[in-house]
Amino acid sequence: MNYLGHAFLSSGDELILTGNMIGDHVKGHAALEAFPEGIKKGIQLHRKIDSTADIHPATMRAKLLFREDYGLYAGAIMDTLYDHFLANDPKYFNNEDALKNFTRLTYEQLERNEAFFPAQFAAYFPHMKQHDWLYNYRNVKGMERALNGLARRAKYMPPIEKAYETFIANYYHLNQCYYEFIDDIIKFVKSELTA
């Protein structure tokens, strides 16, 4: 899962949300100690979501479409694509307004915890909010921009155009992988949050 997925899986808890969203920018166990308990829990949840998503059978199948051209970046590409399918899943966002309301609330909650943003996340959060990255996962053009953003942040990633073409050409198959994955990851997160 990428930003929308991590926000969605935070169960509406503001501190867990903050930790979950900044998780990629907090490295190692020692770095966790600088954060309040709720944010720490969100960072740990982020790591568990990522590792569970990477080895899920549906994700493994989906990554095969990107592995030859993108190697280890196939996982990051799938994380981004899962956000598109989540944004369009009527079970969780039954219309555009539901997604828009969710993204607005997410940005508001994050802003209240800006003091805890690592420098890298703090640098691009204003762009995330201004260009509404979370909402724009919903449309295909937004996905093209999201993949281009991923390519800019991933130093050694090959040109991203082929990944976008593969996404479009295999849309139905990738959507099916998402449907096999989403209920499992939601169950996993619920059990983690109640443990």
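Residues numbered from 1 in each chain as written. Predicted model: local features only at pLDDT ≥ 70, side-chain atom pairs only at ≥ 80, totals over all residues. Heavy atoms only, no water.

Trainee: A description of helix α10 (residues 161-169) should follow, citing residues and the corresponding values.
Mentor: Among all positions of α10, only A163, Y164, T166 and F167 are buried. Seen end-on, α10 carries its buried residues on one side only, within an arc spanning 160°. In this structure, α10 carries E165 and A169 as exposed residues pointing more than 90 degrees from its buried face. Buried residues in α10 make contact with α4 (57-70), α5 (74-87), α9 (140-153) and α11 (171-194). (Buried < 20%, exposed > 50% of the residue type's maximum accessible area, 1.4 Å probe, protein only. Helix = DSSP H or I, 4+ residues; strand = E, 2+ residues; numbered from the N terminus. Arc of directions from axis to C-beta. Contact = heavy atoms within 4.5 Å.)

Trainee: Tell me about the packing of helix α3 (residues 37-55) against α4, and name the residues and values.
Mentor: Taken N-terminus to C-terminus, the directions of α3 and α4 make an angle of 65°; their axes are 5 Å apart at the nearest point. Viewed along their axes, α3 and α4 adopt a mutual orientation that is roughly perpendicular. Here α3 contributes A53, D54 and I55 to the contact with α4, which in turn contributes P57, T59, M60 and K63. Considering only residue class, the contact of α3 with α4 consists of 4 nonpolar, 1 polar and 2 charged. (Axes fitted to C-alpha atoms, helices over the stretch in contact; angles between N-to-C directions. Parallel < 35°, antiparallel > 145°, perpendicular 65-115°, else oblique. Nonpolar A, V, L, I, M, F, W, Y, C, P; charged D, E, K, R; others polar.)

Trainee: Outline empty space enclosed by the protein, listing residues and values.
Mentor: Summed over the entire model, instances satisfying the criterion amount to 1 cavity of 30 Å³ or more. In this structure, the largest cavity spans a volume of roughly 30 Å³. For the lining of the largest cavity, the elements supplying multiple residues, two or more each, are α1 (3-8) and α2 (14-22). Across the lining of the largest cavity, the residue classes break down as 2 nonpolar, 4 polar and 1 charged. (1 Å grid on protein atoms, 1.4 Å probe; cavity = no way out; pocket = protein on both sides within 12 Å on 5 of 7 lines; lining within 4 Å. Points joined across faces, edges and corners; volume = space filled by probe spheres on them.)

Trainee: Tell me what's going on with the nonpolar core, and back it up with residues and numbers.
Mentor: Core analysis: the largest hydrophobic core is formed by 60 residues, its most contacted members being M21, F66, I77, L81 and F121. Once residues lying within four places of it in the same chain are set aside, the contact partners of F121 are Y3, M21, I22, H25 and M128. (Core = buried A, V, L, I, M, F, W, Y, C linked by side-chain atoms within 4.5 Å.)

Trainee: If you had to explain helix α7 (residues 119-130) to someone new, which residues and values would you point to?
Mentor: All of the buried residues in α7 are F121, Y124, F125 and M128. For α7, the angular spread of buried residues about the axis comes to 140°, placing them on one side. Of the residues in α7, the exposed ones pointing more than 90 degrees away from the buried face are A119, A123 and Q130. The inward-facing, buried residues of α7 abut α1, α2, α6 (96-111) and α8 (133-136). Where α7 ends, the next residue or the one after it, D132, has phi of about 45°, a positive value.

Trainee: Break down the layout of surface pockets for me, with residues and values.
Mentor: It is the rolling of a water-molecule-sized probe over the atoms that shows where space remains empty. Space inside the largest pocket adds up to approximately 540 Å³. In terms of lining, the largest pocket is formed by 21 residues, of which the most central are N2, D24, A76, D79 and L150. Going through the elements one at a time, α1, α3, α5, α7 and α9 are the ones with two or more residues in the lining of the largest pocket. A breakdown of the residues in the lining of the largest pocket according to their chemical character gives 8 nonpolar, 6 polar and 7 charged. Taken as a whole, the second largest pocket encloses approximately 360 Å³ of empty space.

Trainee: How would you summarise the side chain of R138 if you had to cite specific residues and measurements?
Mentor: Of note, R138 is situated in the loop between α8 and α9. An unpaired buried charge is present at R138: no salt bridge exists, and E96, the closest side chain of opposite charge, is 4.2 Å distant. Once residues lying within four places of it in the same chain are set aside, the contact partners of R138 are H84, A87, N88, F93, N95, E96 and L99. (Lys, Arg positive; Asp, Glu negative; His and termini not counted. Salt bridge = Lys/Arg side-chain N within 4 Å of Asp/Glu carboxyl O.)

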